[in-house]
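Reading the structure
One letter stands for each residue in the lines below.
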Amino acid sequence: MDVARQHPVPIDRSDGAAWLAATVRAQPDSLAFVYHTVMLQYLDAVSRARLLDAIGDLGATSTKRSPVAWLRFESGPGEMELRLTVYPDGVDRTIATADAHRQWIAWRRHGRDDD
C-alpha cells in the first residue's frame, strides 16, 4: 500500500474495446502490450466481438518496429490456455495450458501442440 500511495496509478472506467481503441497505439521502437485473464467469457457476444475487433485493429497498425503483443489466459477446449499473439505477423501460440485455478500448468517450449 505504501508503494501505491507513493506512486498513484490513474484508473480509467470505460468499456474495454472503446478504451483500447482510444488509448493504445503502436509506437515506433516500442511494444504495445495487451493482457487479460478470464474475462472474455463474462462479456456478451457484442462486447466480446468489439474487443476482439479492437485488438485486431491494433495489430493491423503494427510494424516490425512497433509490434503488438496480445497475451491472455482464457478458457480453451477442456482446460485453460495461456495464449500469445504477436503482430504484425499475427502468429498465435499456446504458451501453456492449466487448470482453471492454476494448480497445475503445462508449459509448451515452442508454443506448438507437439511440445
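Residues numbered from 1 in each chain as written. Predicted model: local features only at pLDDT ≥ 70, side-chain atom pairs only at ≥ 80, totals over all residues. Heavy atoms only, no water.

Among the structural elements, Glu74 can be located in strand β2 (residues 68–75). Take Glu74: its relative accessible area is 8%, and that puts it in the buried class. Polar side-chain contacts of Glu74 include one of 3.2 Å to the backbone nitrogen of Val38. (Helix = DSSP H or I, 4+ residues; strand = E, 2+ residues; numbered from the N terminus. Buried < 20%, exposed > 50% of the residue type's maximum accessible area, 1.4 Å probe, protein only. Polar contact = N/O pair within 3.5 Å; in protein donor to acceptor, adjacent residues only side chain to side chain.)

This part covers the environment of Thr85. Tracing the backbone shows Thr85 in strand β3 (residues 80–87). A relative accessible area of 3% means that Thr85 is categorised as buried. Along the chain, Thr85 and Gly59 lie 26 residues apart, while their C-alpha atoms are 9.2 Å from each other. There is a polar contact of 2.7 Å between the side chain of Thr85 and the side chain of Asp92.

Let us look at the nonpolar core. Leu20, Val34, Leu51, Ile55, Leu58 and Val68 are the most contacted members of the largest nonpolar core, which totals 14 residues. Among the elements of the structure, α2 (16–23), β1 (32–37), α3 (45–60) and β2 are those that each provide at least two residues to this core. If sequence neighbours within four positions are ignored, Leu51 has contacts with Gly16, Ala17, Leu20, Met39, Leu40 and Leu43. Leu71, Phe73, Met80 and Ala98 belong to the second largest nonpolar core, which has six residues in total. (Core = buried A, V, L, I, M, F, W, Y, C linked by side-chain atoms within 4.5 Å. Contact = heavy atoms within 4.5 Å.)

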